[in-house]
Amino acid sequence: MPPDKPILLGIDLGTTNTCVAYVRNKIARVVPSDKGSLILPSVVAVSEKGDLLVGNVAKDQMVVNPRNTIYGAKRLIGRQYHSKVVQDIKHYFSYEIVEGPKGESAVVLAGKVYSLPQISAFVLQHCKRVAEATLGQEIHDAVISVPAYYNDNQRNAVKEAGRLAGFNVKRIVNEPTAAALAYGLNRGFDHKVLVYDLGGGTFDVSVLQLHGNVMEVLATGGDTFLGGVDFDNRIIDYVLEEFRNETKIDLTQSPIAMQRIKNAAEAAKIDLSLLSNVVMELPYIIDRRGKPVDLRIPLSRERINTLVMDLVEKTFEHVERVLEEANLSRAEIQEVLLVGGQTRMPLVQGRTHHYFGKPPRKGVHPDESVAIGAALLAESMLEIDSVTLVDALSMPIGIAVTGGRFRKIIDKNVQIPTQRAFRLPPPRPGAQLELDVFQGESDKIVDNEYLGTLKFPAEAAGQRVAFNLDEECLLRVTIEGVGSGPREVMLATRDTPDALKLAWQEEAERRRLLEERTPPAEKPRGLFASIRKAFGGE
Ligand code: AMP
């Protein structure tokens, strides 16, 4: 018998759910599971008995075991523990988030510390097992999607998760690009599409030009902290407030009550996509002086629309910016594709229709299109030249310079792969050759994400450094003139991002004071002097 043709999976590793697709006989399908399509809650838990649970079983026991149930890993993966974002959202999670050995965020599950790639690997491994069992053959390769807005650390962490799960990760693809592929492959289109992707935790918007099977990203943007959970949190806050007004009881101190409200808030939100009114009923939510107290709060579609209106408006600020960056008017967009579960909300659909003056495209399934696109891309990688993706960098990458400012090395929306090179400062006795690399939109490093520190050997002084971005938007830094041929310099973590930013701020302040007191001929020296001299515009 001829060996089975290899199957490659396309995996949409979502904040809330993970969806897996494959291609057979040129047709892309979502991998079926015993309960229908394989859309698996991205939840991992350890049961009271010590068993590892993944997916629905993990989600089902979340209410009774919130401390040992990890959800929303996509919001934390590849992020430094001390970063502002993690510190800001830490209290929204019912499990413990700690600092990992390299300063990254990690989680505690049944008393043991796990990295976020390990947690996501449990989900991916489960998908691999189900897909192998359903499709009847071993599977090795996968294309995994990530939000276009993910930075280098986050992309690497997802790749690592895939590897830990036993996959050969053929490629990391941006979710909107995958969605556009699911929509446009082999359809011979020649037009511009806007992908509006509002999922559980992230919002992504991209404008693409389709020319047949060439998909070119013109501009991309979004927010890694804007998604369905924020909608849920608005409902939760409203319910807590109503309950407090009615009973004078604060439920925030009860993790189990909070978990029940969280589940009920999401369920009510989903029901309100179809119905105009629901009643949230949670019997025996807490007891007061030995007597059970029930929660019963009516919710209308109108009410939740008011609660989340500003979140929806915020998505259109990103849309506006992306259109501006692509130099396009709303009217020049021929199709609007809605992706992500949260786009099922009538308010989101109505607002999109109103904004573009035409209804969004309904043909692409919001939950499945990214996985389908990833599977199509995986399959196309077996054939030469069948699909060309021209992606773009979603956030500038650069280095810290004088006064804690950010100097861009690679600009936003530059098409990838790309390379940008510059020279290190000439040799200087005692000066350290280090560059702190950041990614973000602000001209101050404090507001950007710290990617790591490049430590150069002394002989690198005066040599050419190249920042290379590959097609997966992963950064590789090489240096020439040290040994034979270009040599890769790895990004290392020097410090926590906050300590580092503080050091830069102190340096800026010290410099400001020195400048106030020093005659112009005498220039400050010190830790950052050589780099400042080369890049700081002194
Ligand atoms: P995704 O990350 O694409 O799986 O999207 C998940 C998000 O979509 C979650 O926040 C869900 O609560 C939300 N969602 C799913 N279905 C609906 C629906 N019918 N109406 C509103 N939100 C939904």
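For the structure itself, consult the block above.
Our subject in this report is the structure included herewith. (Residues numbered from 1 in each chain as written. Predicted model: local features only at pLDDT ≥ 70, side-chain atom pairs only at ≥ 80, totals over all residues. Heavy atoms only, no water.)

### Considerations on empty space enclosed by the protein
Line of reasoning, step 1. Taken as a whole and judged by the stated rule, the model has three cavities of 30 Å³ or more.
Line of reasoning, step 2. In this structure, the largest cavity spans a volume of roughly 90 Å³.
Line of reasoning, step 3. Contributing to the lining of the largest cavity are 15 residues, with Leu13, Gly14, Ala73, Lys74 and Ser120 lying nearest its centre.
Line of reasoning, step 4. Elements with a contribution of two residues or more to the lining of the largest cavity: α2 (73-76), α4 (116-135) and β13 (141-146).
Line of reasoning, step 5. Broken down by element, the residue count for the lining of the largest cavity peaks at three residues, all from α4.
Line of reasoning, step 6. Taken together, the residues of the lining of the largest cavity break down into nine nonpolar, five polar and one charged. (1 Å grid on protein atoms, 1.4 Å probe; cavity = no way out; pocket = protein on both sides within 12 Å on 5 of 7 lines; lining within 4 Å. Points joined across faces, edges and corners; volume = space filled by probe spheres on them. Helix = DSSP H or I, 4+ residues; strand = E, 2+ residues; numbered from the N terminus. Nonpolar A, V, L, I, M, F, W, Y, C, P; charged D, E, K, R; others polar.)

### Details of the side chain of Arg79
Line of reasoning, step 1. For Arg79, the location among the structural elements is in the loop between α2 and α3 (84-89).
Line of reasoning, step 2. Among the polar contacts made by the side chain of Arg79, one reaches the main-chain carbonyl oxygen of Arg75 at a distance of 3.4 Å.
Line of reasoning, step 3. Ignoring any residue separated from it by four or fewer positions in sequence, one finds Arg79 in contact with Val85, Val86, Glu104, Ser105, Gln154, Thr224, Phe225 and Glu449. (Polar contact = N/O pair within 3.5 Å; in protein donor to acceptor, adjacent residues only side chain to side chain. Contact = heavy atoms within 4.5 Å.)

### Structural notes on the pattern of salt bridges
Line of reasoning, step 1. Evaluated as defined, the whole model comprises 22 salt bridges.
Line of reasoning, step 2. Here Glu472 makes a salt bridge to Lys159, at a shortest N to O gap of 2.7 Å. You can see Glu472 sitting in the loop between β28 (464-469) and β29 (475-479) and its partner Lys159 sitting in helix α5 (residues 152-164), a full 313 residues away along the chain. An identical accessibility class is assigned to Glu472 and Lys159; each is buried.
Line of reasoning, step 3. For the salt bridge of Lys412 with Glu325, the shortest nitrogen-to-oxygen distance reads 3.1 Å. Of this pair, Lys412 sits in the loop between β23 (405-410) and β24 (415-416) while Glu325 sits in helix α9 (residues 301-326), and the two are 87 residues apart along the sequence.
Line of reasoning, step 4. Through salt bridges with shared partners, a single ionic network connects Arg321, Glu325, Lys412 and Glu441. (Salt bridge = Lys/Arg side-chain N within 4 Å of Asp/Glu carboxyl O. Buried < 20%, exposed > 50% of the residue type's maximum accessible area, 1.4 Å probe, protein only.)

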